[in-house]
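# Analysis of the macromolecular model
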Amino acid sequence: MTTFKTLGQFIIEKQADFPFAKGELSRLLRDIGIAAKVVNREVNKAGLGDILGDAGQINVQGEGQKKLDVYADQQFIKALQNGGECCVVASEEHELPVFIDSEISKNAKYIVCIDPLDGSSNIDVNVSVGTIFSIYRRDSVGGPATIEDILQKGLKQVAAGYVVYGSSTMLVYTTGKGVNGFTLDPSIGEFCLSHPDIRIPKDGCIYSINEGNYLKFSDGVKKYIKYCEGEDKQTKRPYTSRYIGSLVADIHRNLLLGGIFIYPATLSHPNGKLRLMYECNPIAFIIEQAGGKASDGKQRILEIEPTALHQRSACFMGSLDMVEKVEEFLAKEL
Ligand code: AHG
Ligand code: MN
Ligand code: MN
């Protein structure tokens, strides 16, 4: 008989790593895992809408068919509301924080920042999408949580993860003690430990950046791209360019194979495009926990002091040696 470990079993086992934990974080992670399965089911059906005659029609609850990012947002928020371990959610889909003020949740310890569906423009063409989440402990005690409770540095994350809805569906997460990956076995409906203790190769041969924006990049970034394209046997250049346009999918590939993901500041996006609280920080935490590096070009992403829920940040993240190399190019332009 083959033995396997489910996400639920793994989370409970790992609770022993935190001697004073009462199980709330474990329950929160379990709730996110359950919502991910519900979203996975719907993502898998994307494209069937029209032939089933659903598009634009009214469903049994009297609602029109929803865009998948709205659907995903509702599923995660519902799971967090029902679970009772989270007092406030900051989501890409809501301009303001969503406070959960039910009796069971208002004194809950945890805060969740989430990109419910990442890479959503890829949905219509059957390309991988994802979910990204980040968990903080609330600082204030008693009464409703505040916006300051949410705006914590990435360094203070207690857990972070992503789900990639790809050729198979995987959940990858960290609680600050390494990174583990679970693959959804659809036949039993469980995430099973498939990638224990993921380490990102120290160096890699893949660079991922939207080169269509080349003319808008700074000198340092342009020179780094030319470096990646240059020929050199010893450093195995030219490197391979791979860019899906779904952060989760691009990061997942580079995490496993070694590589760098870059979304720099451009003329049209002077602070970069990706959002600090629910894209850059959780991915940076995972990359660092796997032995890689995540920088905004000037400093460690996890050390950025956030000032707004939806603030953006440039990002250079991936294999340690590759990120250090691009930093050399960026330092020269200053
Ligand atoms: P989202 O679908 O959550 O808005 O995120 C899209 C993001 C990210 O997934 C991806 O890395 C990036 O946008 C791609 O941007 P470009 O199309 O500008 O390259
Ligand atoms: Mn996104
Ligand atoms: Mn999104």
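Residues numbered from 1 in each chain as written. Chains lettered and ligands numbered in written order. Predicted model: local features only at pLDDT ≥ 70, side-chain atom pairs only at ≥ 80, totals over all residues. Heavy atoms only, no water.

### Concerning the site of ligand 1
Around ligand 1, the structure places 17 residues, and the nearest of them are Asp118, Gly119, Asn210, Tyr243 and Tyr263. Within the contact set of ligand 1, an oxygen atom lies 2.8 Å away from a backbone nitrogen or oxygen of glycine 119. Within the backbone of leucine 247, one N or O atom sits 2.9 Å away from an oxygen atom of ligand 1. Computed on the free molecule, ligand 1 has an accessible area of 480 Å², of which 81% lies beneath the protein chains in the complex. Broken down by secondary-structure element, the contributors of at least two residues to the shell around ligand 1 are strand S3 (110–118) and strand S11 (260–263). Among the elements that make up the shell around ligand 1, the one with the highest residue count is S3 (three residues). Residue composition of the shell around ligand 1, grouped by class: six nonpolar, five polar and six charged. Counting only domains with at least three residues in the shell around ligand 1, you end up with domain 1 (7–195) and domain 2 (206–331). (Near = heavy atom within 4 Å. Polar contact = N/O pair within 3.5 Å; in protein donor to acceptor, adjacent residues only side chain to side chain. Areas by Shrake-Rupley, 256 points an atom, 1.4 Å probe, with all protein chains shown as cover. Helix = DSSP H or I, 4+ residues; strand = E, 2+ residues; numbered from the N terminus. Nonpolar A, V, L, I, M, F, W, Y, C, P; charged D, E, K, R; others polar. Domains from an automatic or database assignment.)

### Regarding the coordination of the manganese ion (ligand 2)
Distances from the manganese ion (ligand 2) to its protein donors, namely Asp115 (OD), Asp118 (OD) and Glu279 (OE), fall within the range 1.9 to 2.1 Å. Expressed as a motif, the donor residue spacing for the manganese ion (ligand 2) is D-x2-D-x160-E. In this structure the manganese ion (ligand 3) is found 3.8 Å away from the manganese ion (ligand 2), and aspartate 115 serves as a bridging donor for the pair. The same class applies to aspartate 115 and to aspartate 118, which are both buried. (Donors = N, O, S within 2.8 Å, 3.2 Å for Na, K, Ca; no water. Buried < 20%, exposed > 50% of the residue type's maximum accessible area, 1.4 Å probe, protein only.)

### Quick notes on the nonpolar core
Nonpolar side chains tend toward joint burial in soluble globular proteins. In this structure, Tyr162, Leu255 and Met317 are the most contacted members of the largest nonpolar core, which totals 43 residues. When residues of this core are assigned to their parent elements, the largest contribution, nine residues, is made by helix H7 (residues 276–289). Summarising the domain contributions, this core has at least three residues from each of domain 1 (7–195) and domain 2 (206–331). With 39 residues, the next largest nonpolar core counts Ala72, Ala79, Ile135 and Leu171 among its residues. (Core = buried A, V, L, I, M, F, W, Y, C linked by side-chain atoms within 4.5 Å.)

### Focus: the coordination of the manganese ion (ligand 3)
Coordination of the manganese ion (ligand 3) by the protein involves Glu92 (OE), Asp115 (OD) and Leu117 (O), with metal-donor separations of 2.0 to 2.3 Å. The motif formed by the donor residues of the manganese ion (ligand 3), counted along the single chain, is E-x22-D-x1-L. Note on aspartate 115: relative accessible area 0%, which makes it buried.

### Quick word on the packing of aromatic side chains
In total, this model carries nine aromatic pairs according to the counting rule given. Aromatic side chains tyrosine 173 and phenylalanine 182 sit 5.9 Å apart centroid to centroid with 25° between the ring planes, which places their arrangement in the stacked category. Accessibility expressed as a relative area gives 5% for tyrosine 173, which makes it buried. Residue phenylalanine 182 is classed as buried on the basis of its relative accessible area, which comes to 0%. Cluster of aromatic residues (ring-pair linked, three or more members): Tyr224, Tyr227, Tyr239 and Phe329. In this structure, arginine 237 is placed above the aromatic ring of tyrosine 227, and the distance from its NZ or CZ to the ring centre is 3.8 Å. (Phe/Tyr/Trp six-rings, centres within 6.5 Å; stacked < 30°, edge-to-face > 60°. Lys NZ or Arg CZ within 6 Å of the ring centre and 35° of its normal.)

### Description of the domain arrangement of the chain
Domain parsing of the chain yields domain 1 (7–195) and domain 2 (206–331). Once you take the C-alpha centre of each, domain 1 and domain 2 turn out to be 24 Å apart. Contacts between the two partners involve 46 residues from domain 1, matched on the other side by 31 residues from domain 2. Of the roughly 2800 Å² buried where domain 1 meets domain 2, counting both sides, 68% is carbon and sulfur surface. The largest per-residue losses of area from domain 1 upon contact with domain 2 belong to Leu151, Lys153 and Tyr162, which jointly make up 22% of the total buried on that side. (Contact = heavy atoms within 4.5 Å. Buried area = accessible area lost by both parts, 1.4 Å probe.)

### Describing the packing of helix H5 (residues 219–229) against helix H8 (residues 320–333)
The N-to-C vectors of H5 and H8 enclose an angle of 135°; their axes lie 8 Å apart at closest approach. By the criterion of interaxial angle, the relationship of H5 to H8 is oblique. The hand of the H5/H8 crossing is right-handed. Contacts between H5 and H8 involve Asp219, Gly220, Val221, Lys223, Tyr224 and Tyr227 from the first element and Met322, Lys325, Val326, Phe329, Leu330 and Glu333 from the second. Grouping the amino acids of the contact of H5 with H8 by side-chain chemistry returns seven nonpolar, one polar and four charged. (Axes fitted to C-alpha atoms, helices over the stretch in contact; angles between N-to-C directions. Parallel < 35°, antiparallel > 145°, perpendicular 65-115°, else oblique. Left-handed = near helix turned anticlockwise from the far one by under 90°.)

### Brief notes about the pairing of strand S1 (residues 86–91)
Here S1 lies mainly inside the structure; six of its six residues are buried. Across five bridges, S1 lies against S3 in parallel orientation. When the sheet's bridge partners are listed, valine 88 is paired in S3 with isoleucine 111. Pairing between S1 and strand S2 (residues 98–99): two bridges, direction antiparallel. (Pairing = 2+ DSSP bridges.)

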